[in-house]
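Single-letter residue listing:
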Amino acid sequence: MSGFSADWLALREPHYARARNPAVLNAVIASLKAYRSIRIVDLACGTGSTLRALSSRLAAQQNWCLADNDLGLLARASAMSLPASVTVTTVPLDLNRDLEAVLDGPVDLIATSALLDLVSQPWLERLAVEIAARSIPLYAALSYDGRIELSPTDPLDAAIIAAVNAHQRTDKGFGPALGPTAAAAAITRFETLGYSVVHGKSDWVIGPQDREFQMEILGGWASAARDIGDLPLADTIKWLTRRRDAVAAGRSSIRVGHVDVFAAPMGTR
Ligand SMILES: C[S@@+](CC[C@H](N)C(=O)[O-])C[C@H]1O[C@@H](n2cnc3c(N)ncnc32)[C@H](O)[C@@H]1O
């Protein structure tokens, strides 16, 4: 178990799918257009949301290597029904310990979504060095970037958002997490390595009708604020109550900032 339940990932997926930045996605697709057959490694695949978002848009015969350390999520990913042009191999592994194990052999694209904000600067550096050494492009979608907009506003929003962003920087199994700085760090690092980088916003835009998703997000943020402990617990609970009342009344909207990145080695693709 990773702490990312299949139910939570399923609740997020339509928002993720809508949020993916089209210019970045199109750059990924264009880079693979000339291939008849490709192998894609999806790091921290969860139940396979990147495969669902990308595979139907690629003309090539595809082999996806889906890597995650959560066996339950991998089992769901491998149970997905797929077109004949797509084959899947699931690889249970701890990416913090064994990243290199999925990079060997022919790989045409490393894909990942909602992973980079969980990893540390040293792990990002390791990923960058390892894939640059192999001249592999990287499509890293949906990294949280620290922006949260809530409507209607509440006097405690700023304090809760600060706590959420502090929580995002805590260790998620890879050392102190990059959290909101992940996408910017990746862009800078891959540019330094001579990659051509396309990036763009991929914000979740969550409307008043998405009550269940909003309730889950707000509960998660309140828990993060409790864990950080900068706010009195009673204030966090009052904030959550006011927010949930607004959701129940159909008056609440939330935008959560994310960034998509496609980094390709220059001159080789
Ligand atoms: C936020 S979820 C994203 C899942 C999927 N990419 C998506 O967009 O729906 C993060 C994923 O990272 C995986 N994960 C976390 N730490 C990991 C580790 N050390 N090794 C492998 N996978 C890990 C979790 O199991 C989970 O599937």
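Structure's up top.
Residues numbered from 1 in each chain as written. Predicted model: local features only at pLDDT ≥ 70, side-chain atom pairs only at ≥ 80, totals over all residues. Heavy atoms only, no water.

### Quick notes on the site of the ligand
Definition in use: For this description, a residue counts as near a given molecule or strand if any of its non-hydrogen atoms is within 4 Å of it. Whenever two N or O atoms come within 3.5 Å, that pair is a polar contact, provided that in protein one can donate a hydrogen and the other can accept it, and provided that, for residues adjacent in sequence, both atoms are side-chain atoms. For every accessible area listed, the method is Shrake-Rupley and the probe measures 1.4 Å; residues are considered covered only by the protein chains on display. Where helices and strands are cited, they refer to DSSP runs of H or I of at least four residues and of E of at least two residues respectively, numbered from the N terminus.
Taken together, 21 residues lie around the ligand, and Ala-44, Asp-68, Asp-94, Leu-95 and Ser-113 are the ones closest in. Ala-44 has a polar backbone atom sitting 2.7 Å from a nitrogen atom of the ligand. Compared with its free state, where it exposes 590 Å², the ligand has 96% of that area covered by protein. Counting residues per element, the ones that place at least two in the shell around the ligand are helix 1 (6–19) and helix 5 (95–98). With 3 residues, helix 1 is the single largest residue contributor to the shell around the ligand.

### Digging into the pairing of strand 2 (residues 61–68)
Counted only if it meets this: Remark: exposure states derive from per-residue accessible area (1.4 Å probe, protein chains only) relative to the maximum for the residue type, with buried under 20%, exposed over 50%, and partly exposed in between. Note on pairing: DSSP must find at least two bridges between two strands before they are called paired. A clockwise course of the path from the first strand over the helix to the second, judged with the strands pointing away from the viewer, identifies a crossover as right-handed.
In terms of burial, strand 2 is a largely internal element, 7 of the 8 residues being buried. Summarising the sheet, strand 1 (residues 37–43) and strand 2 pair through 7 bridges and their orientation is parallel. Each bridged residue has a counterpart across the sheet, and for Val-41 the counterpart in strand 2 is Cys-65. For the handedness criterion, the β-α-β arrangement of strand 1, helix 3 (residues 49–54) and strand 2 is classed as right-handed.

### Quick notes on helix 2 (residues 22–31)
We apply this condition: We call two residues contacting when some pair of their heavy atoms lies within 4.5 Å.
Val-24, Leu-25, Ala-27, Val-28, Ile-29 and Ser-31 are the residues of helix 2 that are buried. The inward-facing, buried residues of helix 2 abut helix 3, strand 4 (109–113), strand 5 (138–151), strand 6 (195–201) and strand 8 (253–265).

### So, the packing of helix 7 (residues 157–168) against helix 9 (residues 211–228)
Heads up, the condition is: To define axes, lines are fitted to C-alpha atoms, for helices over the stretch in contact only, and angles between the resulting N-to-C directions are given on a 0 to 180 degree scale. We call two directions roughly parallel when the angle between them is under 35 degrees, roughly antiparallel when it is over 145, roughly perpendicular when it lies between 65 and 115, and oblique otherwise.
Interaxial distance between helix 7 and helix 9 falls to 8 Å at its minimum, and their mutual angle equals 75°. Between helix 7 and helix 9, the angle falls in the class roughly perpendicular. On helix 9, the residues that touch Ile-160, Ala-163, Val-164, Ala-166 and His-167 of helix 7 are Trp-221, Ala-224, Ala-225, Asp-227 and Ile-228.

### Thoughts on the packing of aromatic side chains
The description of an aromatic ring pair uses the distance of the two centres, along with the angle that the planes make with each other. For clarity, the threshold we go by: Aromatic pairs are defined between Phe, Tyr and Trp rings, using the six-membered ring for Trp, whenever the two ring centres lie within 6.5 Å; interplanar angles under 30 degrees are classed as stacked, those over 60 as edge-to-face, and all others as tilted.
Under the defined criterion, the tally for this structure stands at 5 aromatic pairs. Aromatic side chains Trp-8 and Phe-213 sit 5.7 Å apart centroid to centroid with 35° between the ring planes, which places their arrangement in the tilted category. With Trp-8 in helix 1 and Phe-213 in helix 9, this pair connects stretches of sequence that are 205 residues apart. Residue classification places Phe-213 among the buried positions, given a relative accessible area of 2%. An angle of 70° between the planes, with centres 5.2 Å apart, marks the rings of Trp-123 and Phe-174 as edge-to-face. A residue pair is termed long-range when its members are at least 10 positions apart, and Trp-123 in helix 6 (residues 121–133) and Phe-174 in the loop between helix 7 and helix 8 (182–192) qualify at 51 residues. Of the two residues, Trp-123 and Phe-174, both sit in the buried class.

### Topic: the pattern of salt bridges
Here is the rule: Any carboxyl oxygen of Asp or Glu that lies within 4 Å of a side-chain nitrogen of Lys or Arg is treated as forming a salt bridge with it.
Per the counting criterion, the structure on display carries 12 salt bridges. A salt bridge links Arg-147 to Asp-203; the shortest N-O distance between them is 2.7 Å. With Arg-147 in strand 5 and Asp-203 in the loop between strand 6 and strand 7 (204–206), this pair connects stretches of sequence that are 56 residues apart. Residue classification places Asp-203 among the buried residues on the basis of a relative accessible area of 10%. One salt bridge in this structure joins Asp-227 and Arg-226, with 3.0 Å as the shortest N-O distance.

### With respect to the nonpolar core
Let me state the cut-off plainly: We call a set of buried residues a nonpolar core when its members are Ala, Val, Leu, Ile, Met, Phe, Trp, Tyr or Cys and they connect through side-chain atoms within 4.5 Å of each other.
In this structure, Leu-54, Leu-109, Tyr-139, Trp-204, Trp-221 and Trp-239 are the most contacted members of the largest nonpolar core, which totals 52 residues. Once residues within four sequence positions are removed from consideration, Leu-54 is found in contact with Leu-25, Val-28, Ile-29, Trp-64, Leu-109 and Tyr-139. Grouped together as the second largest cluster of nonpolar side chains are 36 residues, Leu-95, Val-197, Val-261 and Ala-263 included.

### Re helix 9
Condition: Expected span of a helix, by definition, is 1.5 Å for each gap between consecutive residues, and there is one gap fewer than residues.
Over its 18 residues, helix 9 extends 26 Å from the first C-alpha to the last, a length consistent with the 26 Å expected when each residue adds 1.5 Å. Directly after helix 9, the chain includes Gly-229, whose backbone phi takes a positive value near 80°.

### Considering the packing of helix 9 against helix 10 (residues 233–248)
Put simply, the rule reads: In this classification, Asp, Glu, Lys and Arg are treated as charged, Ala, Val, Leu, Ile, Met, Phe, Trp, Tyr, Cys and Pro as nonpolar, and every other residue, Gly included, as polar.
Viewed as axis vectors pointing N to C, helix 9 and helix 10 meet at an angle of 175°, and their least axial separation amounts to 10 Å. The orientation of helix 9 relative to helix 10 falls into the category roughly antiparallel. For the pair formed by helix 9 and helix 10, the contact residues are Arg-211, Gln-214, Met-215, Leu-218, Gly-219, Trp-221, Ala-222, Ala-225 and Arg-226 on the first element and Leu-233, Thr-236, Trp-239, Leu-240, Arg-243, Arg-244, Val-247 and Ala-248 on the second. Tallied by class, the residues present in the contact of helix 9 with helix 10 amount to 10 nonpolar, 3 polar and 4 charged.

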